[in-house]
Amino acid sequence: ALGEREPATAAAGTKGVATAGSAAAPAPFTERMPVPRVLEPERDGGLDRYRIPIRPGTAQILPGLQTPVYTYGPDFLAPVIRARTGRPVTVTFANLLDEVTNVHLHGGHVPAGMDGHPLDVIQPGAKRDYTYPNGQRASTLWFHSHAHMMEGEHTYKGLHGFYIIEDPVERGMGLPTGDYDVPILLRDAQFDAAGNLVFGNPALRTTVLANGKVQPYFPVEARKYRIRLLNAAVEGVFQLTLDGAPMVQIASDGGLLPAPVPRTDLTMCSGERVELVVDFGRCEPGSQVLLSDPTRGPVLRFDVGPRTGDDSRVPDRFRPLPVLPRATNTRDVVLSFDLSGPQPVGLVNGRPYDPNRVDFVIRRGTTEIWNVTNGDGAMGFLHDFHMHLTMFRVLDRTGAPMTPNDAGLKDTVLIPPGTTVRVQATFDGFLGRYAYHCHFMEHADVGMMAQMEIVP
Ligand code: C2O
Ligand code: CU
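Calculation notes
- Residues numbered from 1 in each chain as written.
- Chains lettered and ligands numbered in written order.
- Predicted model: local features only at pLDDT ≥ 70, side-chain atom pairs only at ≥ 80, totals over all residues.
- Helix = DSSP H or I, 4+ residues; strand = E, 2+ residues; numbered from the N terminus.
- Buried ≥ 20, exposed ≤ 12 C-beta atoms within 10 Å, placed from the backbone.
- Domains from an automatic or database assignment.
- Contact = placed C-beta atoms within 7 Å.
- Nonpolar A, V, L, I, M, F, W, Y, C, P; charged D, E, K, R; others polar.
- UniProt positions renumbered as here; feature names shortened; annotations may be inferred.

Draft legend 1. Spatial organisation of the environment of V80. Summarising the element assignment, V80 is placed in the loop between β3 (67-72) and β4 (81-84). For V80, a count of 20 C-beta atoms within 10 Å puts it in the buried group. C-alpha separation for the pair V80 and Y163, spaced 83 residues apart in sequence, amounts to 5.7 Å.

Here is the structure:
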């Protein structure tokens, strides 16, 4: 129903190593899903400092094969930064690749110079400090490459990782923590027979990696877990069900919902996060619970172990969302493709991205409503929409019902073909140039991106 059609963007044909055949996946559920390790900061006065090299490497993803990847740190599964509201973080990223790249903190409320503008890149061999103020609520963010026209390919090669902000209010709620708070990065992949990642036709990217593994298992105790899901796929949608255990959604992109929401299935587009509490204590010890995507099959199996003590809880209410200030301006944004030339060109309001052009000028502090339309209804292409700098609220949808995934503070939202999503945002805090774009990164890389400038 979501439409699986895709124009072949620049990636297809030119960059794809279209070797015949594909490598054998491991037998299902033979590998344990790793959990990304938490990076320890160097405490530096009032801030936490981290150092992360961006480097070429290899990963063992398929049996007996080494897959060339790009990594944040030594491993394909990037470490997690756990930041705290009100305490700034500086990450020194060293670019050890032989090409430029940069880092965007997706969902971060950060100064423009720290946002990873597509032209603001780290040269090969150079280092760059990114300082994040963390003046926002507890939320699950992530970082990835945003280098001009390379965002999709770099991220696909492995430049994706979690960045989690915690705050005292959330910490006081009694939700599962520590080993019972598990980030899971989901992404798409296609491999050739030698185990190389193929960056070509998105429709052929049918393998799903959960924390870097194909159909892993993950042992859990029979108790509650907080599970932070991220769709870090270069493009596309995961539709997820959890067979055998109840899912309770507690948070979306920008942190806690006002109250927990029971879910039976999730639709997550590229860039989105959903946080769940799953009570495996409701399952029989020894049973197995599958996280599956109906079209792709099982993604991950939870193996339920013995009942253990569990003093975590899910309160009936979390906290209200910030009040929506009155909107004083309305804008229209149309995402579409121009397929008339030899290569597809992505458009926002009829124009491909120009990193030197400002598309919208917005006075700081203004609250606006944007009508974001997928203009490719006739062709059935899916898009989604991501705004830098600020979280928005989804007000309504025309041509499609609101979904539970629209709830809360959002920075990325699915726009099915031919529909319009109305979002409201306040452009607060920082001045300068920020991107908004389709988060199907190959669409963004061929032009489906635009730029706003926040002015005094
Ligand atoms: Cu996650 Cu501008 O991107
Ligand atoms: Cu798109």
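From this point, the discussion proceeds with the structure in view.
Draft legend 2. Layout of the domain arrangement of the chain. On domain assignment, one finds that the chain holds domain 1 (11-171), domain 2 (178-307) and domain 3 (329-455). Each of domain 1 and domain 2 has a C-alpha centre, and these two points are 19 Å apart. Across the boundary between the two partners, domain 1 contributes 48 residues, which contact 42 residues of domain 2. Mapped onto the side of domain 1 that touches domain 2, the elements with two or more residues apiece are α1 (11-14), β3, β8 (139-144), α2 (151-157) and β9 (160-166). When residues in the side of domain 1 that touches domain 2 are grouped by element, the largest group, five residues, is from α2. Residue composition of the side of domain 1 that touches domain 2, grouped by class: 28 nonpolar, 13 polar and seven charged.

Draft legend 3. Focus on the UniProt feature "domain: Plastocyanin-like" (unreviewed entry) in the chain. Per the UniProt record, "domain: Plastocyanin-like" (unreviewed entry) is found at residues 57-168 and 343-454. Within the segment residues 57-168, helix and strand shares are 7% and 38% respectively, and the terminal C-alpha atoms sit 37 Å apart. End C-alpha to end C-alpha, residues 343-454 measures 32 Å, and it is 4% helix and 46% strand.

Draft legend 4. Inspection of unusual backbone geometry at higher detail. The phi dihedral of Q215 falls on the positive side, at around 40°, and the residue is not glycine. Structurally, the position occupied by Q215 is in the loop between β12 (213-214) and β13 (217-222). Owing to 22 C-beta atoms within 10 Å, Q215 belongs among the buried residues under this scheme. Unusually for a residue other than glycine, N349 sits at a positive phi of about 50°. In this structure, N349 sits in the loop between β23 (345-348) and β24 (360-363).

Draft legend 5. Fine view of the environment of F430. Mapped onto the fold, F430 is located in the loop between β29 (420-426) and β30 (432-437). Along the primary structure F430 and V80 are separated by 350 residues, whereas in three dimensions their C-alpha atoms are 26 Å apart. Setting aside its immediate chain neighbours within four residues, F430 contacts P111, A112, L389 and I454.

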